[in-house]
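# Descriptive analysis of the structure
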Amino acid sequence: MPSGYNATTIQNHPSWTGDLADYSRVNPLLTDFDDPVFFLTYAQTALLRAEAAVRGWTSENPATLYAEGVRAAMKQLSLYDAGGRADISDAAINAYLAANPLSNDPNEALRQINEQYWVASFLDGIEAWANWRRSGYPILEPAPVDDPNPYPGNVTNGQIPRRLPYPVTEGVLNKANYEEALSRQGLRGDPSDMAVPVWWDRP
């Protein structure tokens, strides 16, 4: 599914084939009302530890932690369906890891780890967005703003948002600190500017 499009607006995209089944959608097994919600998983933890090891912050083995994180993310899918329809077999996981080992090049390894973190954070959009801003991975394409445009009037002018705006009440209830924060963050001209990175962001 092209970025910025959904099941209705995809019909306006040049790639439209006439059949919605030709486009990626979320598997219904993952969207039942009784499905679990994850706040912090072992997969995410193992991948963050792998990044720390690649950066030399720990003496752990990054390749081992990377493999553990990918395996845990794949195994986590089984929790969405007691009937086993979402399970990924050990053989399939082993084959994937054998075909996609962690690179010995630190820059490439950081890309791999953070792309897997993105996948491991599926359905947790805020966490995926936060880690994308922190790491710069995966390389994303902003949703289109030109016609045929599914989302006209885009407040970030076609860029992926880098922050959430402060609530309007903050400037009333906490004016001094609010003004100081806006000045420090480069937002004095437009406190609602969602394209200005937060301090830990990697623009």
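It should be emphasised that the depicted structure is a prediction, and the values quoted were computed from it without experimental measurement. Per chain, residues are indexed from 1 in the order of the written sequence. A pLDDT threshold of at least 70 governs which residues receive local features in this predicted model, and a stricter bar of 80 or more applies before side-chain atom pairs are shown or counted, although totals over entire chains, interfaces and linings include all residues. Side-chain descriptors were evaluated using all non-hydrogen atoms of the structure, hydrogens and water having been removed beforehand.

### Comments concerning a nonpolar patch on the surface
Applicable threshold: Patches were defined on residues exceeding 30% relative accessible area and lacking a salt bridge, with like-charge contacts within 9 Å and nonpolar side-chain contacts (Val, Leu, Ile, Met, Phe, Trp, Tyr) within 5 Å. Computed with the Shrake-Rupley method and a 1.4 Å probe, the accessible areas treat only the protein chains shown as cover for residues. Put simply, a salt bridge is a Lys or Arg side-chain nitrogen that is within 4 Å of an Asp or Glu carboxyl oxygen. By definition, any uninterrupted DSSP run of H or I lasting at least four residues is a helix, any uninterrupted run of E lasting at least two residues is a strand, and each is numbered from the N terminus.
Residues Val-26, Phe-122 and Leu-123 make up a contiguous nonpolar surface patch of about 270 Å² in total accessible area. Its location among the elements puts Phe-122 in the loop between helix 4 (106-120) and helix 5 (125-135).

### Here's the deal with the nonpolar core
Rule in force here: To form a nonpolar core, buried Ala, Val, Leu, Ile, Met, Phe, Trp, Tyr and Cys residues must be joined to one another through side-chain atoms within 4.5 Å. Three labels apply to residues, based on accessible area from a 1.4 Å probe with only protein chains included: buried if under 20% of the type maximum, exposed if over 50%, partly exposed otherwise in between. For this analysis, residues touch if any pair of their heavy atoms sits within 4.5 Å.
Core analysis: the largest hydrophobic core is formed by 18 residues, its most contacted members being Leu-47, Val-54, Tyr-66, Leu-102 and Ile-113. Tallying contributions element by element places helix 2 (residues 62-76) first for this core, with 6 residues. Sequence-distant contacts of Leu-47, defined by excluding residues within four places in its chain, comprise Tyr-66, Gly-69, Val-70, Ile-113, Gln-116, Tyr-117 and Ala-120.

### A look at the environment of Gly-18
Relative to the helices and strands, Gly-18 is located in the segment before helix 1 (42-54). Taking the C-alpha atoms as reference, Gly-18 lies 29 Å from Gly-125; in sequence the two are 107 residues apart.

### Digging into the packing of helix 2 against helix 3 (residues 90-99)
As a reminder, the rule being used: In this description, a line fitted to the C-alpha atoms serves as the axis of each element, helices being fitted only across the stretch in contact, and the angle between N-to-C directions of two axes falls anywhere from 0 to 180 degrees. Should the near helix be turned counterclockwise from the far one by less than a right angle, the crossing is left-handed, whereas a clockwise turn marks it as right-handed. Residues are grouped as follows: nonpolar covers Ala, Val, Leu, Ile, Met, Phe, Trp, Tyr, Cys and Pro; charged covers Asp, Glu, Lys and Arg; every other residue, Gly included, is treated as polar.
Contact pair helix 2 / helix 3: the axes reach a minimum separation of 11 Å and the direction vectors enclose 145°. You can see that helix 2 and helix 3 cross each other, and the crossing is right-handed. On the side of helix 2, the interface is formed by Ala-67, Val-70, Arg-71, Met-74 and Lys-75, while helix 3 contributes Asp-90, Ile-93, Asn-94, Tyr-96 and Leu-97. The residue makeup of the contact of helix 2 with helix 3, split by class, is 6 nonpolar, 1 polar and 3 charged.

### Re unusual backbone geometry
What is expected of a backbone is that most residues other than glycine have negative phi and most peptide bonds are trans. In this model, Tyr-137 is joined to Pro-138 through a cis peptide bond whose omega is 0°. Position of Pro-138 among the secondary structure elements: in the loop between helix 5 and helix 6 (170-173). The backbone of Leu-123 sits at a positive phi, close to 75°, despite the residue not being glycine. Relative to the helices and strands, Leu-123 is located in the loop between helix 4 and helix 5.

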